[in-house]
Amino acid sequence: MTALPRRIARVRPLPAAHPAEQFFVASDAADFGGVEGNTWTVTGSPFWGSLANASSHPRDGWEPGDQVREGSFAFLAPSVPANVLGMAHNTGQPGRDLPPQAFHKAATSVIGPGDAVELAPGMRRVDPEAELTIVIGTKARGLTPENARGAVLGFTIGNDVTCRDLQKTDELWISAKSQDTFTPAGPWIVTGLDEAALAVDVVLNGTPLQAASTGDLGWKVDEILVYLTSFMTLYPGDLVLTGFPAECAPLSPGDTVVCRVQGIGELVNPVIASPWPGPVGPGLAG
C-alpha cells in the first residue's frame, strides 16, 4: 500500500538566532494551502547520519513535537546535498533511445525558495527548467530495479537554470549549470507521491508556459537511480533532477520564475543581475 503524501521541510526560524540555524518540520495535511497545511510539527532530521542536515541546537518552541505556523519561519532548500545531479537528453523516446547520461551541478549552486537567481554580465540566454527532483534518503550504491525505490526519501522541485551560451562552448556543461544560484530547490519534500504522470511547467512573470508531464521523461526514477549508483555513491540529502520536458523562456533581471510540479507545489524565485563579473569564455559577450 502506498503511504499517504507527507511534506517535510528544512526551515529557519524567524528571527534566526544564527545565520546557519535550521530545523526540520513535517505536515500530513492533505490541503497544502489550507489552515491545517499552514501548521507544521517540528521533527528530527530525515537524513540520518548527515551532519550537514542535522537540526540546530535546542530552541524554545522548536523541540520535536512542537507546532509552528508558516510565517514564523523561512523555507530553505530541502537539504544540503553532497551531490546534485541532472539527466541529459531525458525527454521521450528520443532520449530513451540514447544511453542514459548524467551531469553534475555544484552543490554550491543550490538556493532555496525566494532566493534570487543571479544572471552575470555577458550571458545572452539563460533558461529555467522545472524538474521533478529526487531527494535521496539513505546512502546508496549498486541499486537494482527491485530496491532502488528504497533510496528515495521523496520528491521536491528543482530548477535546472542553464546558460545556453556556455552550454554551447563548454562540452561538460559545468559553467553552464553550476553558476552560483543556478539550482533553486524546494519548497519542501513530498513523500508517498506517485510521480508517474505529474504535470510540470514554468510560469514566467505570471504567464504559464506550455506544460508537460513526468510521464514524458525517457528514463524513469528507478532507472535513473540504478544508472547513477552503478558508478557512484549517493548520500542522504543528495538531489537528482530528472529532466525537463516542458516549455521554457529566457530569464532577465527583474523577472519572477515559478517552477511547478503537480502534487508538490510551486518554487518561486526572483531574478536579479549578479554583482560578480561575468564568466570568461568563447562566445560570451564582453
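Here the structure is a predicted model, which means the values were calculated and not measured.

Novice: Before we go on, may I ask you to explain the side chain of glutamate 131 in this structure?
Specialist: One can find glutamate 131 in strand 11 (residues 130-136). From its side chain, glutamate 131 meets the backbone nitrogen of threonine 242 in a polar contact 3.5 Å long.

Novice: Help me understand the packing of aromatic side chains, please; the structure alone is not making it clear to me.
Specialist: The way to describe two aromatic rings as a pair is by their centre distance and the angle between their planes. One pass over the full model with this rule turns up 11 aromatic pairs. When the centroid spacing of 5.7 Å and the interplanar angle of 65° are considered together, the rings of tryptophan 40 and phenylalanine 75 count as edge-to-face. Residue tryptophan 40 is found in strand 3 (residues 39-43), and its partner phenylalanine 75 is found in strand 5 (residues 73-75); the two are separated by 35 residues along the sequence. Taking relative accessible area as the criterion, tryptophan 40 reaches 0% and is therefore assigned buried. With relative accessibility at 18%, the residue phenylalanine 75 sits in the buried group. Counting every residue linked through ring pairs, the aromatic cluster contains Phe23, Phe32, Trp40, Trp62, Phe73, Phe75 and Trp188. Against the face of tryptophan 188 rests arginine 7, its NZ or CZ located 4.5 Å from the ring centre.

Novice: What exactly am I supposed to notice about the environment of leucine 228 here?
Specialist: By secondary structure assignment, the location of leucine 228 is in helix 4 (residues 221-228). We classify leucine 228 as buried; its relative accessible area is 0%. Sequence separation between leucine 228 and phenylalanine 73 is 155 residues, and the spatial gap between their C-alpha atoms is 35 Å. If near-sequence neighbours (up to four positions away) are discounted, leucine 228 is found in contact with Leu85, Ala102 and Val240.

Novice: What's the story with the state of the cysteines in this structure? I'm lost.
Specialist: In a disulfide, the sulfur atoms of two cysteines are held together by a covalent bond. Enumeration over the complete set of coordinates arrives at zero disulfides. The cysteine cysteine 163 is free of any disulfide, with cysteine 248 supplying the nearest cysteine sulfur at 13 Å. With no disulfide of its own, cysteine 259 lies 10 Å from the sulfur of cysteine 248, the closest cysteine sulfur. Among the residues examined, cysteine 259 registers a relative accessible area of 1% and is labelled buried.

Rules used in this analysis
- Residues numbered from 1 in each chain as written.
- Predicted model: local features only at pLDDT ≥ 70, side-chain atom pairs only at ≥ 80, totals over all residues.
- Heavy atoms only, no water.
- Helix = DSSP H or I, 4+ residues; strand = E, 2+ residues; numbered from the N terminus.
- Polar contact = N/O pair within 3.5 Å; in protein donor to acceptor, adjacent residues only side chain to side chain.
- Phe/Tyr/Trp six-rings, centres within 6.5 Å; stacked < 30°, edge-to-face > 60°.
- Buried < 20%, exposed > 50% of the residue type's maximum accessible area, 1.4 Å probe, protein only.
- Lys NZ or Arg CZ within 6 Å of the ring centre and 35° of its normal.
- Contact = heavy atoms within 4.5 Å.
- Disulfide = S-S within 2.5 Å.

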